[in-house]
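Architecture at a glance
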Amino acid sequence: MSSAEFRARARHLRDARRIVVKVGSALLVEAASGRLNRSWLESLADDLARAARRGQQVIVVSSGAIAMGRRHLGLGSHRLRLEESQAAAAVGQIRLAHAWQEVLEARDLAVAQVLLTFEDTEERQRYLNARATLNTLLSLGAIPVINENDTVATAEIRYGDNDRLAARVAQMASAECLVLLSDVDGLYTADPGRDTRATLIPEVREITPELEAMATGPSSGVGSGGMRTKVAAAQIALAAGSSLCIASGHRLNPLKAVESGAACTWFIAEASPVAVRKQWIAGTLKPRGRLTIDSGAAQALARGKSLLPAGVTRVAGRFERGDTVSIIASGRELARGLAAYSSGDAALIAGRRSAEIEALVGYRGRDELVHRDDLVMLRAPKVSE
Ligand code: GLU
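Residues numbered from 1 in each chain as written. Predicted model: local features only at pLDDT ≥ 70, side-chain atom pairs only at ≥ 80, totals over all residues. Heavy atoms only, no water.

1. Examining the overall build of the protein chain
As a reminder of what qualifies: Every helix listed is a DSSP run of H or I at least four residues long, and every strand listed is a run of E at least two residues long, numbered separately from the N terminus. Only the C-alpha atoms count toward the radius of gyration. The rule for a globule is 2.2 Å times the residue count to the power 0.38. Burial here depends on accessible area, computed with a 1.4 Å probe over protein chains only, as a share of the maximum for the residue type. Under 20% is buried, over 50% is exposed, and the range in between is partly exposed. Calculation of accessible area relied on Shrake-Rupley with a 1.4 Å probe; when residues are assessed, cover is drawn exclusively from the protein chains displayed. His is not counted here, nor are the chain ends, while Lys and Arg score as positive and Asp and Glu score as negative. To locate a charge, take NZ of a lysine, CZ of an arginine, CG of an aspartate or CD of a glutamate.
Looking only at helices and strands, the protein chain features 16 helices and 13 strands. The C-alpha atoms of the protein chain give a radius of gyration of 23 Å, which matches the 21 Å a tight globule of 385 residues would have. Principal axes of the C-alpha set define a box for the protein chain whose edges measure 70 × 45 × 40 Å. Here the protein chain holds 385 residues, and 50% of them are scored as buried. Of the roughly 17,500 Å² of accessible surface on the protein chain, 49% is carried by carbon and sulfur atoms. Of the charged side chains in the protein chain, 50 are positive and 43 negative; the average position of the first set lies 4 Å away from that of the second.

Printed below as a string of structure tokens:
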């Protein structure tokens, strides 16, 4: 495939509103010395700053804590025990975060450290909290730099590799594009180190069992991910509506290189993250509760607005924040959405102005009872609604 064709595919990166860039340990940390590869990091920071300048919101998922920390603690090159890698992560993470802070702040970008555990991405309430925090950071113009919270994660319940973590982050943030920068330039038909006939697969639209069979385990010895975790990440990303690119980080300005048409593997999502999320909300089999709304609110929803507490006349069922609720107008289901309050709190604020929420429930939550991003119309309201 020609460079022009790769460049055309890179529109998924150029046009994305939100991008997640995952950086592997082997790129950031020099294997022999355990030192940070600073000139490379500076060049990536230039790429990220360029994306931010053209209005894109950027999230970084950065590995490298264990690789940096083990060297600093003099842990040698043996396979680390769990406690040792957790100690190494604690020492390395602070240095890693510092490096990111230096390079991004030098480019006038605010940096936020976010450490996530497996439970934070899998358990509903925590997922929603992490999602809300990421959205707030991005809307304030900060770049979240994320890693797994290796120091507290337990062996049985951890990602271990940042490829799949990055895919969950892309899903959580509804990012249109995820780039996995690693020590290989894409997915090959066979292991290129062993088979000279191996060729790069430029584009994937569906992950078939044959494709999964082409992906092998880790090779670098520095990070934890291999092609297998990258394909698993692609599966998560595609299902969430995020396109994913596996590209080589073994060059300066690696994102710019992808945009300019460097060879890589693109996994192209068919639907957008917002469409996938809305489809999922609309497809909930059993909404937990019902919010009955007045005609003013029904008309507002039809215009794409959020549902405010003021327009709600009745709350029924028992639900928690984040559960799906039916929104009823004139006795029929008009829309579905994720509640920003539990049923108890929703009952307290129904019919009231958003400014009164804090006094009523005792904390300052969202102004909306169902935010428009979390809401799907199932039909158009009648004029009388
Ligand atoms: N979280 C690990 C670290 O920071 C890296 C996991 C991976 O290599 O993907 O060292």
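2. Things to note about the side chain of His 12
To be explicit about the condition: Residues adjacent in sequence count toward polar contacts only when both atoms are side-chain atoms; beyond that, a polar contact is any pair of N or O atoms within 3.5 Å, and within protein one must be able to donate a hydrogen and the other to accept it. The contact criterion used is simple: two residues touch if any of their non-hydrogen atoms lie within 4.5 Å.
Structurally, His 12 can be placed in helix H2 (residues 11-14). A distance of 3.5 Å separates polar atoms of two side chains, one belonging to His 12 and the other to Arg 11. Sequence-distant contacts of His 12, defined by excluding residues within four places in its chain, comprise Cys 177, Ser 243, Trp 266 and Ile 268.

3. Regarding the environment of Ser 343
Mapping Ser 343 onto the fold places it in helix H15 (residues 343-349). Along the backbone, Ser 343 and Ser 85 are 258 residues apart, and their C-alpha atoms lie at a distance of 43 Å. Contacts of Ser 343, omitting those with residues within four sequence positions, involve Val 315, Gly 317, Arg 318 and Phe 319.

4. Some remarks on the pairing of strand E4 (residues 142-148)
We apply this condition: One bridge is not enough; two strands pair if DSSP finds at least two bridges between them.
For E4, the tally of buried residues reaches seven of seven residues, placing the bulk of the element in the interior. Of the two faces of E4, the one holding Ala 142, Pro 144, Ile 146 and Glu 148 and the one holding Ile 143, Val 145 and Asn 147 are both buried throughout. Pairing of strand E2 (residues 57-62) with E4, which is carried by two bridges, proceeds in the parallel orientation. Pairing of Val 61 across the sheet is with Ile 146, part of E4. In the sheet, strand E3 (residues 110-116) pairs with E4 via seven bridges, with the strands oriented parallel. Bridged to Ala 112 within E4 is Pro 144.

5. Points about the pairing of strand E9 (residues 289-293)
Burial along E9 is one-sided: Gly 289, Leu 291 and Ile 293 are buried, and none of Arg 290 and Thr 292, which face the opposite way, are. For E9 and strand E10 (residues 312-317), the ladder comprises five bridges, and the chain directions are antiparallel. Bridge pairing links Thr 292 to Arg 314 in E10.

6. Considering the pattern of salt bridges
Put simply, the rule is: We define a salt bridge as a side-chain nitrogen of Lys or Arg found within 4 Å of a carboxyl oxygen belonging to Asp or Glu.
According to the stated counting rule, one finds 25 salt bridges in the structure shown. The partner of Glu 83 in a salt bridge is Arg 81, and the shortest N-O contact between them spans 2.8 Å. In this structure, the salt-bridge partner of Arg 366 is Asp 374, at a minimum N-O distance of 3.6 Å. Exposure remark for Arg 366: the relative accessible area of 38% places this residue in the partly exposed category. Judged by its relative accessible area of 10%, Asp 374 is buried. Connected through shared salt-bridge partners, Arg 38, Glu 42, Asp 46, Glu 102 and Arg 107 make up one network.

7. Overview of the sheet that holds E10
Using the following cut-off: Working convention: axes come from line fits to C-alpha atoms, limited for helices to the stretch in contact. Angles between N-to-C directions cover 0 to 180 degrees.
Reading across the sheet, the five strands line up as E10-E9-E11-E12-E13 and stay open at both edges, with mixed pairing between neighbours. Two strands in the sheet have a free side with no partner beyond their single neighbour: E10 and strand E13 (375-377). Strand-to-strand, the axes of this sheet are offset by a mean angle of 25°, without reference to chain direction. Against the sheet, helix H13 (residues 273-282) touches strand E11 (324-329), strand E12 (332-338) and E13, its axis set at about 125° to E12. Contacts from helix H14 (residues 295-302) reach E9, E11, E12 and E13 within the one sheet, and its direction differs from that of E9 by about 105°.

8. Quick word on unusual backbone geometry
Phi angles above zero are rare outside glycine, and Asn 253 is one such case at about 45°. Mapped onto the fold, Asn 253 is located in the loop between strand E7 (243-248) and helix H12 (254-259). A residue is classified by how much of its surface remains accessible, and Asn 253, at 25% relative accessible area, is partly exposed. Even without a glycine there, the phi angle at Ser 330 is positive, about 50°. Relative to the elements of secondary structure, Ser 330 occurs in the loop between E11 and E12. Classification of Ser 330 by relative accessible area gives partly exposed; the value is 48%.

9. Side note on the packing of helix H9 (residues 162-172) against helix H11 (residues 227-240)
Worth spelling out the cut-off: In these notes the angle categories are as follows: under 35 degrees is roughly parallel, over 145 is roughly antiparallel, 65 to 115 is roughly perpendicular, and the rest is oblique. Under the scheme applied, nonpolar residues are Ala, Val, Leu, Ile, Met, Phe, Trp, Tyr, Cys and Pro; charged residues are Asp, Glu, Lys and Arg; polar residues are all the others, including Gly.
Packing of H9 against H11 brings their axes to within 8 Å, and their N-to-C directions diverge by 10°. Between H9 and H11, the angle falls in the class roughly parallel. For the pair H9 and H11, contact is made by Asp 163, Arg 164, Ala 167, Arg 168 and Gln 171 and by Thr 229, Lys 230, Ala 232, Ala 233, Ile 236, Ala 237 and Ala 240, respectively. For the contact of H9 with H11, a count of residues per class yields six nonpolar, two polar and four charged.

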